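# A look at the structure
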Amino acid sequence: MRRVLRAPLTLLLVALAAFPAAAATPAGPTAARVARDVRAHEDARARVEELREADAPPGEVRDAERHREDIRSRLWDVLWAVEHALGDPVAVDPAGRAGHCPLGPPSTPAPVPGEDPSWTVPTTGYRLTAGYAERGRHWKHRHTGQDFAVGPGTPVRAVGPGTVRVTTCGDGFGNQVLVRHRDGYFTQYAHLSRIDVRKGQKVRAGQLLGLSGATGNVTGPHLHFEVRITPYIGSAVPPLPWLARKGVHPEQ
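Since the model is a prediction, treat every value here as computed from it, not as a measurement.

## Some points on the pairing of strand β5 (residues 175-181)
- Burial analysis of β5 places 6 of its 7 residues in the buried class, the great majority of the element.
- Pairing of strand β4 (residues 162-168) with β5 involves 6 bridges; the strand directions are antiparallel. When the bridges of β5 are listed, Thr-168 appears paired with Gln-176.
- Between β4 and β5, which pair antiparallel one after the other, the connecting turn spans 6 residues, and Gly-170 there sits at a positive phi close to 110°.
- Across 5 bridges, β5 lies against strand β6 (residues 186-195) in antiparallel orientation. In the strand pairing of β6, Arg-180 is matched with Phe-186.
- Where β5 hands over to β6, the hairpin turn is made up of 4 residues, of which Gly-184 adopts a positive phi near 95°.

Encoded structure:
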């Protein structure tokens, strides 16, 4: 992905400099632009799936997929620049080396006991609490993911196969892992007490990523699970419908 600061974006970054690094959230004109691109990306993704289901000519599918990727690339560039300027650890320290994050031994690709899933829920023994886009006093804007209430130390697992993109700590999400999946989306697992994978590691569905906890901006132990178009805040999409497209339906 390109890492280019364009002139209009530079002006926006000056205006954003007053926002605290812990928030690391796009605001003002940037937020509106990002929201439009997120919607456009999801519309383009739906169009690609529609064409594939209709057995459209390969060239038409490729053009639609290229359009989706162009939107993702534009969104990625804008958010990387904003998050880097705001000091988001995901943009400035994705391997977590500067934050001295609590690391456990690297996990091995063992499946969930009794299962061999292509996709799975991110934890067990949970209760679904705060959902996507909910408002509340704990969030500066709307909630960006789905919370799974679990006790501290509960295993947190990759929902599907992919590559670990981020293992970091030090902001409102506390200790966190982001995994990039084959469809290009990222899943985030936040507020962990311990991280058991490393940046660049390939993981399977059900593989241990870490243990749940209460690090970062929380009122109690839980897993914050998020699905993003890019690794960065601002590109989240509704996580439960995304999981449903993978055949995963967390119990309410």
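## Let's talk about the side chain of His-41
- Along the chain, the position of His-41 falls in helix α2 (residues 28-53).
- Contacts of His-41, omitting those with residues within four sequence positions, involve Arg-68, Ile-71, Arg-72, Tyr-185 and Ile-229.

## Here we look at the packing of aromatic side chains
- Tallying each qualifying case throughout the model produces 7 aromatic pairs.
- Here Trp-119 and Trp-242 contribute two aromatic rings whose centre-to-centre distance is 5.6 Å and whose plane-to-plane angle is 90°, an arrangement assigned as edge-to-face. With Trp-119 in the loop between α4 (89-92) and β1 (127-128) and Trp-242 in helix α5 (residues 239-245), the pair connects residues that are 123 residues apart, well separated along the chain.
- You can call Trp-242 buried: its relative accessible area is 1%.
- Joined through ring pairs, the aromatic side chains of Tyr-126, Phe-148, Tyr-189 and Phe-225 make up one cluster.

## So, the layout of surface pockets
- Looking at the second largest pocket, its volume works out to about 200 Å³.
- What lines the second largest pocket is Arg-45, Val-48, Glu-49, Arg-52, Glu-65, Arg-68, Asp-183, Tyr-185, Trp-242, Arg-245 and Lys-246.
- Counting residues per element, the ones that place at least two in the lining of the second largest pocket are α2, α3 (58-86) and α5.
- Residues of the lining of the second largest pocket, tallied by class, amount to 3 nonpolar, no polar and 8 charged.

## A closer look at the packing of α2 against α3
- Between α2 and α3, the least distance of the axes is 9 Å, while the angle of their chain directions is 160°. It follows from the interaxial angle that α2 and α3 lie roughly antiparallel. Handedness of the crossing formed by α2 with α3: left-handed.
- When the residues that make up the contact of α2 with α3 are grouped by side-chain class, the tally is 13 nonpolar, 3 polar and 10 charged.

## Observations regarding the state of the cysteines
- Applying the stated rule across the entire model yields 1 disulfide.
- The disulfide partner of Cys-101 is Cys-169, and the S-S distance across this bridge is 2.1 Å. The disulfide joining Cys-101 to Cys-169 has a torsion of about -95° about its S-S bond and is therefore left-handed. A residue pair is termed long-range when its members are at least 10 positions apart, and Cys-101 in the loop between α4 and β1 and Cys-169 in the loop between β4 and β5 qualify at 68 residues. For the residue pair Cys-101 and Cys-169, the accessibility class agrees, reading buried in each case.

## Concerning the environment of Tyr-126
- Here Tyr-126 lies in the loop between α4 and β1.
- Taking the C-alpha atoms as reference, Tyr-126 lies 8.3 Å from Gly-151; in sequence the two are 25 residues apart.
- With residues up to four places along the chain from it excluded, the contact list for Tyr-126 reads Val-121, Phe-148, Ala-149, Val-150, Pro-250 and Glu-251.
- Looking at Tyr-126, its side chain comes within polar contact range of the main-chain nitrogen of Glu-251, at 2.9 Å.

## Overview of the nonpolar core
- Ranked by size, the top nonpolar core spans 41 residues in total, and within it Val-177, Tyr-189 and Leu-209 carry the most contacts.
- Contributing elements (two or more residues each) for this core: α2, α3, α4, β4, β5, β6, β9 (223-228) and α5.
- If you tally residues by element for this core, the top one is α3, at 6 residues.
- The contacts of Leu-209, once residues within four sequence positions are left out, are Val-156, Arg-157, Ala-158, Val-177, Val-179, Tyr-189, Arg-194, Ile-195, Asp-196, Val-197 and Val-203.
- By size, the runner-up hydrophobic cluster in this structure holds 5 residues, among which are Val-48, Leu-51, Ala-56 and Ala-64.

Basis of the calculations
Residues numbered from 1 in each chain as written. Predicted model: local features only at pLDDT ≥ 70, side-chain atom pairs only at ≥ 80, totals over all residues. Heavy atoms only, no water. Buried < 20%, exposed > 50% of the residue type's maximum accessible area, 1.4 Å probe, protein only. Helix = DSSP H or I, 4+ residues; strand = E, 2+ residues; numbered from the N terminus. Pairing = 2+ DSSP bridges. Contact = heavy atoms within 4.5 Å. Phe/Tyr/Trp six-rings, centres within 6.5 Å; stacked < 30°, edge-to-face > 60°. 1 Å grid on protein atoms, 1.4 Å probe; cavity = no way out; pocket = protein on both sides within 12 Å on 5 of 7 lines; lining within 4 Å. Points joined across faces, edges and corners; volume = space filled by probe spheres on them. Nonpolar A, V, L, I, M, F, W, Y, C, P; charged D, E, K, R; others polar. Axes fitted to C-alpha atoms, helices over the stretch in contact; angles between N-to-C directions. Parallel < 35°, antiparallel > 145°, perpendicular 65-115°, else oblique. Left-handed = near helix turned anticlockwise from the far one by under 90°. Disulfide = S-S within 2.5 Å. Polar contact = N/O pair within 3.5 Å; in protein donor to acceptor, adjacent residues only side chain to side chain. Core = buried A, V, L, I, M, F, W, Y, C linked by side-chain atoms within 4.5 Å.

Keep in mind these numbers describe shape, not what the thing actually does.
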